[in-house]
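The primary structure of each chain is shown beneath.
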Amino acid sequence: MDLLNTLVDKGLRRELPTRDEALAVLATSDDDVLDVVAAAGKVRRQWFGRRVKLNYLVNLKSGLCPEDCSYCSQRLGSTAGILKYTWLKPEEASKAAAAGLAGGAKRVCLVASGRGPTDRDVDRVSDTIKAIKDQNENVEVCACLGLLSDGQAERLREAGADAYNHNLNTSEGTYGEITTTHTYADRVDTVQKAHAAGLSACSGLIAGMGESDEDLVDVVYALRELDPDSVPVNFLIPFEGTPLAKEWNLTPQRCLRILAMVRFVCPDVEVRIAGGREVHLRTMQPLALHLANSIFLGDYLTSEGQAGKADLEMIADAGFEVENAGEVTLPEHRAPSGGGCGSHAEGGCGSHEGAGCGAAAEAGCGSHGGGGVCGSVPSAAAEAPADARTDLVSVRRRGAGTDLAPNA
């Protein structure tokens, strides 16, 4: 297929595809999905070999968020039966992080619900970062605390944070249809603050919210412009009790095409499969490792993932290997000398105009989503399609905020 050959050549040169080419990837048929995976896999292997970076989430504060993000189980007005608790103590968070690190995670993502941190919250998280790093010298720590005020990114960096996550989630044109309590521009501003403070920026998207192909391409091109080091790709987890509970728009093949498009547009950044992979990729998860070079290990913010042991077996069986703590994730042209997270030197995934770790719908180092829809909020009477796998949406009842052992 001429399209795929062209995209591979561009990806190996870090050249931006045209919008029409990106849209054409999303428009390919299910019959061609293996060809698409094989092509994008060449680009992934060029920049990341067969390494898979493992990340582990610790939900520092769960539920009771004042924001109205339609995709989120922690949103204002959510009736989802999730765990609700206030800030974990530093020692509790460090203990939770240790489980993920023992399972092979290289990065710990510290996430807290809410619009953004107060200065006191930044102090709490700084103490938690210190507690984790005192026990694990080489660990990367990414904070995801919502919208940042002036000076807070610098304080987090001084405390030892390596990265900050704040996702764009969807295109600028449709952002107001999923959230009204803050704006797309607010999110861009926070990613810029992280960049300016010298933190490794992490920002991604949520797919499956009823968005168009054009919306998906818009947000991925916006991400390339922001130039984050890592791009988490979340697939909506339709939680009962949220406005988007009936949105089941994804197939495994659709998810693979989305990941491939992201890889072609951002060839040399860490593409992370985040929330919803078990729900929507299901048995085709191993194919997604040929597109993304990073996943979350174990559970997410308010939902359960597959067993950590199963993740490790999947990686090995698919012919990949877990990236160890001593390896630099990003290609040499993006990584700082002696650094792990990667600088933005030379632009990698695009220029830094607008600057550039992003909200992760139920998963990631990022927003507190459980999935969402780009478009008008469906009525309460809407029915999920007959083939919706609601049995795969499981509320987290273990790990952080509970007395039960975490999944790692």
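Here is what the cut-offs are and how they apply
- Every chain's residues receive numbers from 1 upward, in the order its sequence appears when written.
- Per-residue local features are limited, in this predicted model, to residues with pLDDT of at least 70; the limit for side-chain atom pairs, both in listing and counting, is 80 or more; totals at the level of whole chains, interfaces and linings are taken over all residues.
- Hydrogens are left out, water is left out, and the side-chain values use all remaining heavy atoms of the structure.
- UniProt positions are given in the numbering used here, feature names are shortened, and annotations may be inferred rather than shown by experiment.
- Using a grid of 1 Å spacing that covers the protein atoms alone, one calls a set of points a cavity when a 1.4 Å probe fits there but cannot get out, and a pocket when the set is open and has protein on both sides within 12 Å along at least five of seven lines; lining residues are those with an atom within 4 Å of a point.
- Grid points are joined across faces, edges and corners, and a volume is the space filled by probe spheres set on the points.
- Note on conventions: DSSP H or I runs of at least 4 residues are helices, E runs of at least 2 residues are strands, and numbering of each starts at the N terminus.
- Contact between two residues is taken to exist if any of their heavy atoms lie within 4.5 Å; hydrogens are not considered.
- Partly exposed residues are those whose accessible area sits between 20% and 50% of the maximum for their type, while under 20% is buried and over 50% is exposed, using a 1.4 Å probe and protein chains only.
- Each polar contact in these results corresponds to two N or O atoms within 3.5 Å; when the atoms are within protein, one needs to be able to donate a hydrogen and the other to accept it, and residues that are neighboring in sequence are counted only if both atoms are side-chain atoms.
- For this classification, Asp, Glu, Lys and Arg are treated as charged, while Ala, Val, Leu, Ile, Met, Phe, Trp, Tyr, Cys and Pro are nonpolar and the rest, including Gly, are polar.
- Paired strands, as defined in this entry, are two strands with at least two bridges between them according to DSSP.
- Looking down the strands as they point away from you, a crossover is right-handed if its path from the first strand over the helix to the second goes clockwise.
- Working note: the arc is built from the helix axis to C-beta atom directions.
- Remark: nonpolar core denotes a set of buried residues (Ala, Val, Leu, Ile, Met, Phe, Trp, Tyr, Cys) joined through side-chain atoms within 4.5 Å.

- Per an unreviewed UniProt entry, the chain carries the name Biotin synthase and comes from Streptomyces populi.
- Quoted straight from UniProt, the Function (unreviewed entry) entry for the chain says "Catalyzes the conversion of dethiobiotin (DTB) to biotin by the insertion of a sulfur atom into dethiobiotin via a radical-based mechanism."
- Listed under Pathway (unreviewed entry) in UniProt, the entry text for the chain is "Cofactor biosynthesis; biotin biosynthesis; biotin from 7,8-diaminononanoate: step 2/2."

## Considerations on empty space enclosed by the protein
Step number 1: In this model, the second largest cavity occupies a volume close to 90 Å³.
Step number 2: As for the second largest cavity, its lining consists of 13 residues, of which Tyr 56, Leu 57, Tyr 300, Arg 396 and Ala 400 are closest to the centre.

## As for the UniProt feature "binding site: [4Fe-4S] cluster" (unreviewed entry) in the chain
Step number 1: On the UniProt side, "binding site: [4Fe-4S] cluster" (unreviewed entry) is annotated at positions that read Cys 65, Cys 69 and Cys 72 here.
Step number 2: Within the secondary structure, Cys 65 is located in the loop between strand S1 (51–61) and helix H4 (90–102).
Step number 3: Beyond its immediate chain neighbours, meaning those up to four positions away, Cys 65 contacts Gln 74, Arg 75, Leu 76, Ser 113, Gly 114 and Arg 115.
Step number 4: In this fold, Cys 72 is placed in the loop between S1 and H4.
Step number 5: Residue classification places Cys 72 among the buried positions, given a relative accessible area of 4%.

## Some points on the side chain of Glu 278
Step number 1: Position of Glu 278 relative to the elements: it lies in helix H10 (residues 277–280).
Step number 2: Take Glu 278: its relative accessible area is 12%, and that puts it in the buried class.
Step number 3: In this structure the side chain of Glu 278 is engaged in a polar contact, spanning 3.2 Å, whose partner is the backbone nitrogen of Gln 306.
Step number 4: Ignoring sequence-local partners within four residues, the contact set of Glu 278 consists of Gln 285, Gly 298, Tyr 300, Gly 305, Gln 306 and Leu 392.

## Focus: the layout of surface pockets
Step number 1: Taken as a whole, the second largest pocket holds about 240 Å³ of empty space.
Step number 2: Together, Leu 88, Glu 92, Lys 95, Ala 96, Gly 399, Ala 400, Gly 401, Thr 402, Asp 403, Leu 404, Ala 405 and Pro 406 line the second largest pocket.
Step number 3: A class-by-class count of the residues in the lining of the second largest pocket yields 6 nonpolar, 3 polar and 3 charged.

## A short note on the UniProt feature "binding site: [2Fe-2S] cluster" (unreviewed entry) in the chain
Step number 1: Feature annotation in UniProt assigns "binding site: [2Fe-2S] cluster" (unreviewed entry) to the following positions: Cys 109, Cys 142, Cys 202 and Arg 272. What stands out for the annotated residues spanning 164 residues is how close their C-alpha atoms remain, the widest pair being 13.8 Å apart.
Step number 2: The class of Cys 109 is buried, set by a relative accessible area of 0%.
Step number 3: Structurally, Cys 142 can be placed in strand S3 (residues 140–144).

## Here we look at the pairing of strand S8 (residues 270–273)
Step number 1: Residues Glu 270 and Arg 272 line one face of S8 and the alternating positions Val 271 and Ile 273 line the opposite face, and both faces are buried.
Step number 2: Taken together, the 4 bridges between strand S7 (residues 230–235) and S8 define a ladder with parallel strand orientation. Bridge pairing in S8 places Val 231 opposite Val 271.
Step number 3: Handedness of the crossover joining S7 and S8 through helix H9 (residues 252–265): right-handed.
Step number 4: As defined by bridge partners, S8 adjoins strand S9 (residues 294–296) across 2 bridges and the pair is classed as parallel. Bridge pairing in S9 links Arg 272 to Ser 294.

## Some points on helix H6 (residues 152–159)
Step number 1: Those residues of H6 that fall on the buried side of the exposure criterion are Gln 152, Ala 153 and Leu 156. The buried residues of H6 all sit within an arc of 100° when viewed along its axis, so they share a single face.
Step number 2: Each element contacted by the buried residues of H6 is listed here: helix H5 (119–135), S3, strand S4 (163–165) and helix H7 (184–196).
Step number 3: One or two steps after H6, the chain reaches Gly 160, where phi turns positive at roughly 115°.

## Examining the nonpolar core
Step number 1: By size, the foremost hydrophobic cluster in this structure holds 104 residues, and its most contacted members are Val 58 and Leu 156.
Step number 2: Top element by residues in this core is H9. It accounts for 9 residues.
Step number 3: Sequence-distant contacts of Leu 156, that is, excluding residues within four places in its chain, are made with Val 122, Val 125, Ile 129, Ala 143, Leu 145, Leu 148, Ala 161 and Tyr 164.
Step number 4: Within the second largest apolar cluster, 10 residues are counted, among which are Leu 57, Cys 144, Ala 163 and Ala 274.

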